[in-house]
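# An overview of the molecular structure
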Amino acid sequence: MADDAAAPEGELTETTPEPDTTVEPTDTDETALEADDSEDTDADDAEDADDADDAEVAAPRRAPWSHVKIALVAGLVGVLALAGLTGWLGYRTWESQRAESARELFLLVGRQGALNLTTIDYEHADADVQRILDSATGTFYDDFQKRAQPFAEVVKQAKSKSEGTIAEAGLETSTDNEAQVLVAVTVKTSNAGAPEQQPRAWRMRISVEKLGDEAKVSNVEFVP
């Protein structure tokens, strides 16, 4: 019996193949995995959204301005506007005063120039002529200087005296640096050995030019 049970030599014994324990994934399993991944993604998105909401809530909100702050700002704006207006008005006042001072200077020099030209005394003719030159400039100075000495000699020889009196004077035109002054002057003249003459009325247009802080006569015209 033992011999029968033994397998004869040279014969191959059949072995029973072991069963394959590898499990192939099914479509159901893949669907479940995709569902799990989707749930994880949705959960992450929800978490991010919650974080964003928390960040918005946590961000500080700008507090509205109080009435005191609004009043302070309005007061500051008002002070600045008032300061600007005050400065502008101050500048305009200074400019107006400067222009008025220039007009007064032009008028004064024009009047004095007319008096210098019409008030000549033979006893001090040289000083009178020099006074005219000292108050002159430009072409008028050049022209009068050429005739100054002969004019003084004629006055001395004739023993002439003339005295001018301003009847009226005013600015005809003016700018920042020059002006034209109209002067009405009455001149009384006397000569030695000659009968007394009647006063004569002259009208003169005197051009005045500003030179730094002073002004001088730059031209003289006799007008009808």
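Look a little higher up for the structure.
Structural notes, computed from the coordinates. Predicted model, so just to flag it, every value in this text is computed and none were measured.

A word on the pattern of salt bridges. Inspection of the entire model under this criterion finds four salt bridges. A salt bridge links Arg103 to Glu100; its shortest N-O distance comes to 2.6 Å. Here the residue Arg103 and the residue Glu100 both occupy positions in helix 3 (residues 67-118), the gap between them amounting to three residues, near one helical turn. A residue is classified by how much of its surface remains accessible, and Arg103, at 33% relative accessible area, is partly exposed. In this structure, Glu172 engages Arg205 in a salt bridge whose closest nitrogen and oxygen atoms are separated by 2.8 Å. With Glu172 in strand 2 (residues 160-174) and Arg205 in strand 4 (residues 200-211), this pair connects stretches of sequence that are 33 residues apart.

The subject of this paragraph is the sheet that holds strand 1 (residues 120-121). Within the open sheet, the five strands sit side by side as 1-2-3-4-5. Their pairing is antiparallel. The two strands at the open ends of the sheet, each matched to only one other strand, are strand 1 and strand 5 (214-223). Sheet analysis places strand 2 next to strand 3 (residues 178-191), joined by 13 bridges and oriented antiparallel. In the strand pairing of strand 3, Lys161 is matched with Ser190.

Inspection of the secondary structure assignment puts Asp121 in strand 1. In this structure Asp121 is buried but unpaired, with Lys161 as the nearest side chain of opposite charge at 4.2 Å. At 3.0 Å, the side chain of Asp121 forms a polar contact with the backbone nitrogen of Glu123.

Now for the packing of helix 4 (residues 125-134) against helix 5 (residues 138-158). Running from N to C, helix 4 and helix 5 cross one another at 170°; their axes reach a closest spacing of 9 Å. Judged by the angle between their axes, helix 4 and helix 5 are roughly antiparallel. The hand of the helix 4/helix 5 crossing is right-handed. Here helix 4 contributes Ala125, Asp126, Val129, Ile132 and Leu133 to the contact with helix 5, which in turn contributes Phe140, Tyr141, Phe144, Gln145, Ala148, Phe151, Ala152, Val155 and Lys156. Among the residues making up the contact of helix 4 with helix 5, the classes are represented as 11 nonpolar, one polar and two charged.

Generally speaking, soluble globular proteins have nonpolar side chains that are buried together. In this structure, Ile206 and Val208 are the most contacted members of the largest nonpolar core, which totals 27 residues. Elements that contribute at least two residues to this core include exactly helix 3, helix 4, helix 5, strand 3, strand 4 and strand 5. Residues in contact with Val208, not counting those within four places in the same chain, are Phe106, Val109, Gly110, Asn177, Glu178, Ala179, Val181, Ala215, Lys216 and Ser218.

Another point: the environment of Asn177. Of note, Asn177 is situated in the loop between strand 2 and strand 3. Asn177 has contacts with Phe106, Val208, Glu209 and Lys210, leaving out every residue within four places of it along the chain.

A regular strand carries its side chains on alternate faces of the sheet. Remark: three residues form the turn of the hairpin made by strand 2 and strand 3, two consecutive strands paired antiparallel. Bridge count between strand 3 and strand 4: 10 bridges; the pairing is antiparallel. Looking at the pairing, Val185 lines up with Trp202 of strand 4.

Definitions and limits used
Residues numbered from 1 in each chain as written. Predicted model: local features only at pLDDT ≥ 70, side-chain atom pairs only at ≥ 80, totals over all residues. Heavy atoms only, no water. Salt bridge = Lys/Arg side-chain N within 4 Å of Asp/Glu carboxyl O. Helix = DSSP H or I, 4+ residues; strand = E, 2+ residues; numbered from the N terminus. Buried < 20%, exposed > 50% of the residue type's maximum accessible area, 1.4 Å probe, protein only. Pairing = 2+ DSSP bridges. Lys, Arg positive; Asp, Glu negative; His and termini not counted. Polar contact = N/O pair within 3.5 Å; in protein donor to acceptor, adjacent residues only side chain to side chain. Axes fitted to C-alpha atoms, helices over the stretch in contact; angles between N-to-C directions. Parallel < 35°, antiparallel > 145°, perpendicular 65-115°, else oblique. Left-handed = near helix turned anticlockwise from the far one by under 90°. Contact = heavy atoms within 4.5 Å. Nonpolar A, V, L, I, M, F, W, Y, C, P; charged D, E, K, R; others polar. Core = buried A, V, L, I, M, F, W, Y, C linked by side-chain atoms within 4.5 Å.

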